[in-house]
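In case you want the letters, here they are:
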Amino acid sequence: MKRIVLILILLLTVVQISLAQTQLEKDAKEIGVSVNLPSFYNASENHEWIFPAEATDEYPLPDLAQQYGTKPACGNTFFNAHFGLVSGVLEHSDHECIVLACLPPGGGRNNFRSFPKDSMQLATFEHINFGRIKRDFRYGKAFENVSEIEAFELYSMLTHYPLAKAQEMFNAGAMVSYPLNFKGNIYKDGFTRGKALVIGKNGREVYLYFMMTDTSVLNFEKYLEEFDGAFLFNW
């Protein structure tokens with residue numbers, strides 16, 4: 001009887017710990033990432049995946065066609081369609097930048113072998129899965145996995161950071177960024193520009209979507225440096 005009580009207490013403790021964790025913390029743990037957010041970011045306390053924008057009667061949640069970009073969307077529907085569910089929302093204390101954090105639970109290493117690659121390409125294709133990047137660009141055929149030729153085409157559209165920088169900042173194998181096209185839509189009444197940062201290691205990835213104003217977009221590199229050590233692959 002005493003043993004059963006101890007087991008029940010242990011199970012209750014595990015459940016309480018799980019409920020206390022935010023979705024961002026749970027997703028980070030699942031892919032082996034330690035989180036240490038900068039103090040000037042206020043993180044959302046959601047315990048499940050959330051859409052980044054409020055759904056309303058005027059701007060309802062997107063349907064599948066809107067999510068894949070084959071059907072137009074605008075306003076909040078556009079942002080919910082473009083980003084889908086995210087792990088958490090981080091708001092900067094300067095009110096000029098909001099970061100949508102997405103830590104996909106799946107992932108996996110690519111097996112692209114048809115084309116010769118230099119050292120940067122080898123690292124990028126080894127550590128970053130291009131599936132979500134393809135979706136962000138709404139590139140190629142919808143509803144299909146990224147092909148090797150699509151990945152090579154997308155590769156040329158990315159900004160690539162030195163491998164040493166990816167290792168130093170995030171203990172990652174590769175790090176890239178690319179601009180986001182809001183197509184004239186405005187996020188939360190002021191954020192008109194965006195840039196994605198992807199850090200990856202062996203197919204596990206952290207996507208950080210920086211939502212910025214026409215002015216703060218010029219400070220993207222500053223915002224990036226503030227995330228030094230914020231997400232560390234611990235394996």
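Residues numbered from 1 in each chain as written. Predicted model: local features only at pLDDT ≥ 70, side-chain atom pairs only at ≥ 80, totals over all residues. Heavy atoms only, no water.

Section: the pattern of salt bridges
- One pass over the full model with this rule turns up 5 salt bridges.
- With its nearest N and O atoms 2.6 Å apart, the salt bridge here joins Asp63 to Lys71. (Salt bridge = Lys/Arg side-chain N within 4 Å of Asp/Glu carboxyl O.)

A closer look at the confidence of the model for the protein
- Averaged over every residue, the pLDDT of the protein is 91; residues scoring 70 or more account for 91%.
- Residue range residues 5-18 is modelled with pLDDT below 50. Its contacts to residues more than four positions away, or to other chains, number 1 contact. (pLDDT = per-residue confidence, 0-100. Contact = heavy atoms within 4.5 Å.)

So, the environment of Pro72
- Counting through the fold element by element, Pro72 comes out in the loop between α3 (64-67) and α4 (75-83).
- For Pro72, a relative accessible area of 73% gives the class exposed.
- As for Pro72 and Glu54, which are separated by 18 residues in sequence, their C-alpha atoms are 18 Å apart. (Helix = DSSP H or I, 4+ residues; strand = E, 2+ residues; numbered from the N terminus. Buried < 20%, exposed > 50% of the residue type's maximum accessible area, 1.4 Å probe, protein only.)

Considering the environment of His95
- If you trace the backbone, His95 turns up in the loop between β3 (88-92) and β4 (97-102).
- You can call His95 exposed: its relative accessible area is 64%.
- As for His95 and Asn36, which are separated by 59 residues in sequence, their C-alpha atoms are 20 Å apart.

Let's talk about the packing of helix α5 (residues 119-127) against helix α7 (residues 148-155)
- In the contact formed by α5 and α7, the axes pass within 12 Å of each other and the chain directions differ by 120°. The orientation of α5 with respect to α7, classified from their angle, is oblique. Where α5 crosses over α7, the handedness of that crossing is right-handed. Contacts between α5 and α7 pair Met120, Gln121, Thr124 and Phe125 from the former with Ala151, Phe152 and Tyr155 from the latter.
- In terms of residue class, the contact of α5 with α7 is built from 5 nonpolar, 2 polar and no charged. (Axes fitted to C-alpha atoms, helices over the stretch in contact; angles between N-to-C directions. Parallel < 35°, antiparallel > 145°, perpendicular 65-115°, else oblique. Left-handed = near helix turned anticlockwise from the far one by under 90°. Nonpolar A, V, L, I, M, F, W, Y, C, P; charged D, E, K, R; others polar.)

A word on α4
- With 9 of its 9 residues buried, α4 lies for the most part within the structure.
- What α4 keeps buried is the set Gly75, Asn76, Thr77, Phe78, Phe79, Asn80, Ala81, His82 and Phe83.
- Backbone geometry just downstream of α4 places Gly84 in the positive-phi region, at approximately 65°.

Some details on the sheet that holds strand β2 (residues 41-43)
- Spatially, the 7 strands line up as an open sheet ordered β2-β3-β4-β8-β7-β6-β5, and their pairing is antiparallel. One side of each edge strand has no neighbouring strand; the edge strands of this open sheet are β2 and β5 (159-160).
- Summarising the sheet, β5 and strand β6 (residues 174-180) pair through 2 bridges and their orientation is antiparallel. Note that in β6 the partner of His160 across the bridge is Val176.
- Contacts between helix α8 (residues 163-170) and the sheet are confined to β6 and β7 (193-201), with β6 contributing the most and set at about 95° to the helix. (Pairing = 2+ DSSP bridges.)

Examining the packing of aromatic side chains
- Inspection of the entire model under this criterion finds 17 aromatic pairs.
- Ring plane angle 35° and centroid distance 4.8 Å describe the contact between Phe125 and Phe152, whose orientation is recorded as tilted. Here Phe125 is found in helix α5, whereas its partner Phe152 is found in helix α7, with 27 residues between them in sequence. When sorted by exposure, Phe125 lands in the same class as Phe152, which is buried.
- With 6.1 Å between their ring centres and 25° between their planes, Tyr207 and Tyr209 make a pair best called stacked. The two residues Tyr207 and Tyr209 agree in class, both being buried. (Phe/Tyr/Trp six-rings, centres within 6.5 Å; stacked < 30°, edge-to-face > 60°.)

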